[in-house]
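The chain contents come next:
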Amino acid sequence: NVGTLSIAARVDVGSFDELEHERGIAHFTEHMAFDSAYGKNLRKRYGLWHALDTLRVQSNAYTSNRATVYELNSFTNDTRTIKAVFNLLKQQLFHTMPVQEHMDIEKGAVIGENRMRNDSASWLNTLNGCDFFGAASQVCAREPIGLDRTVSAFKVHDVQGFLNKWYHPSRVHLYVAGDVDGED
């Protein structure tokens, strides 16, 4: 019986875990996790994103102060697709392959995202959080988007070092919901 399935993978790392020179690296790494990975047909720009799209997976992610969450939604629950999606998730979380040329392009996207926040619901949410916790709180001081100056300086070794330090199975919580038999 055909249905759909959704997966969320929560990695226990966010902007609170970044060093000063890494401000924004958790969020930037989230972006790069949709790019290249060590796998067949995954080494090209947006290789993972295209592979997920081919399987008709609606994918997205977000980074908060405490976690980075990858969402893979509304894909069919046949065994072949489930296995393929879990394999891609494994590649995404544990085998991301930062490529400097790709990173340099993505820096523009992240910095642009930061500029767009100034008049968005995200910024209003930040202001509300600062009102509640106080302007000196970590919530206000450590926005996940980071700083333009630190994001623009990221190199492959920075992202790879961050992945090596934080992206481990023991730090990942997996949530599965939908039309699936527990045996699958």
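The rules behind each value
- Residues numbered from 1 in each chain as written.
- Predicted model: local features only at pLDDT ≥ 70, side-chain atom pairs only at ≥ 80, totals over all residues.
- Heavy atoms only, no water.
- Pairing = 2+ DSSP bridges.
- Helix = DSSP H or I, 4+ residues; strand = E, 2+ residues; numbered from the N terminus.
- Axes fitted to C-alpha atoms, helices over the stretch in contact; angles between N-to-C directions.
- Contact = heavy atoms within 4.5 Å.
- Buried < 20%, exposed > 50% of the residue type's maximum accessible area, 1.4 Å probe, protein only.
- Polar contact = N/O pair within 3.5 Å; in protein donor to acceptor, adjacent residues only side chain to side chain.
- Salt bridge = Lys/Arg side-chain N within 4 Å of Asp/Glu carboxyl O.
- Core = buried A, V, L, I, M, F, W, Y, C linked by side-chain atoms within 4.5 Å.
- Parallel < 35°, antiparallel > 145°, perpendicular 65-115°, else oblique.
- Left-handed = near helix turned anticlockwise from the far one by under 90°.
- Nonpolar A, V, L, I, M, F, W, Y, C, P; charged D, E, K, R; others polar.
- Patch = residues over 30% accessible without salt bridge, like charges linked within 9 Å, V, L, I, M, F, W, Y side chains within 5 Å.
- Areas by Shrake-Rupley, 256 points an atom, 1.4 Å probe, with all protein chains shown as cover.

A few words on the sheet that holds strand β2 (residues 58-63). Pairing in this open sheet of 4 strands is antiparallel, and the strands run β2-β3-β1-β4 from one edge to the other. For this open sheet the edge positions go to β2 and β4 (172-178), each flanked by a neighbour on one side alone. Direction aside, the axes of adjacent strands within the sheet are offset by 15° on average. Across the sheet, helix α3 (residues 79-94) is in contact with β1 (4-11), β3 (68-76) and β4; its angle to β3 comes to roughly 165°.

Looking at the element boundaries, threonine 81 is found in helix α3. Judged by relative accessible area, threonine 81 falls into the buried class, the value being 4%. There is a polar contact of 2.8 Å between the side chain of threonine 81 and the side chain of aspartate 78. Those residues in contact with threonine 81 that lie beyond four places of it in its chain are Phe75 and Thr76.

The final tally for this structure, using the stated rule, is 7 salt bridges. For aspartate 12, the salt bridge goes to arginine 10, with nearest N and O atoms at 2.2 Å. When the shortest N-O distance is used, the salt bridge between glutamate 20 and arginine 149 registers 4.0 Å. Here glutamate 20, found in the loop between β1 and α1 (25-32), pairs with arginine 149, found in helix α7 (residues 148-151); they are 129 residues apart in sequence, far enough to count as distant. In this structure glutamate 20 comes out as partly exposed when scored by relative accessible area, which is 45%. By relative accessible area, arginine 149 is classed as exposed at 56%. Three or more residues are tied together by salt bridges with common partners; here these are Glu20, Arg23, Arg142 and Arg149.

Before going further, it helps to spend a moment on the environment of asparagine 73. Mapped onto the elements of the fold, asparagine 73 is located in strand β3. On a C-alpha basis, the gap between asparagine 73 and isoleucine 111 in space is 27 Å, while along the polypeptide they are 38 residues apart.

Let us now look at the nonpolar core. Counting 38 residues, the largest nonpolar core has Phe28, Tyr70, Leu72, Phe75, Leu93 and Tyr167 as its most contacted members. Elements with a contribution of two residues or more to this core: β1, α1, α2 (47-54), β3, α3, α4 (100-116) and α8 (156-166). The biggest single contributor to this core is α3, with 5 residues.

Quick look at the packing of α2 against α3 now. Between α2 and α3, the shortest axis-to-axis distance is 11 Å and the interhelical angle comes to 165°. Taken together, the axis directions place α2 and α3 in an arrangement best described as roughly antiparallel. Seen along the crossing, α2 lies across α3 with a hand that is left-handed. For the pair formed by α2 and α3, the contact residues are Leu48, Ala51 and Leu52 on the first element and Leu88, Gln91 and Gln92 on the second. Among the residues making up the contact of α2 with α3, the classes are represented as 4 nonpolar, 2 polar and no charged.

This paragraph deals with a nonpolar patch on the surface. Together, Phe86, Leu174, Val176 and Val180 make up a nonpolar patch on the protein surface, roughly 300 Å² of accessible area in all. Position of leucine 174 among the secondary structure elements: in strand β4. On the basis of relative accessible area, leucine 174 is assigned to the partly exposed category, the value being 44%.

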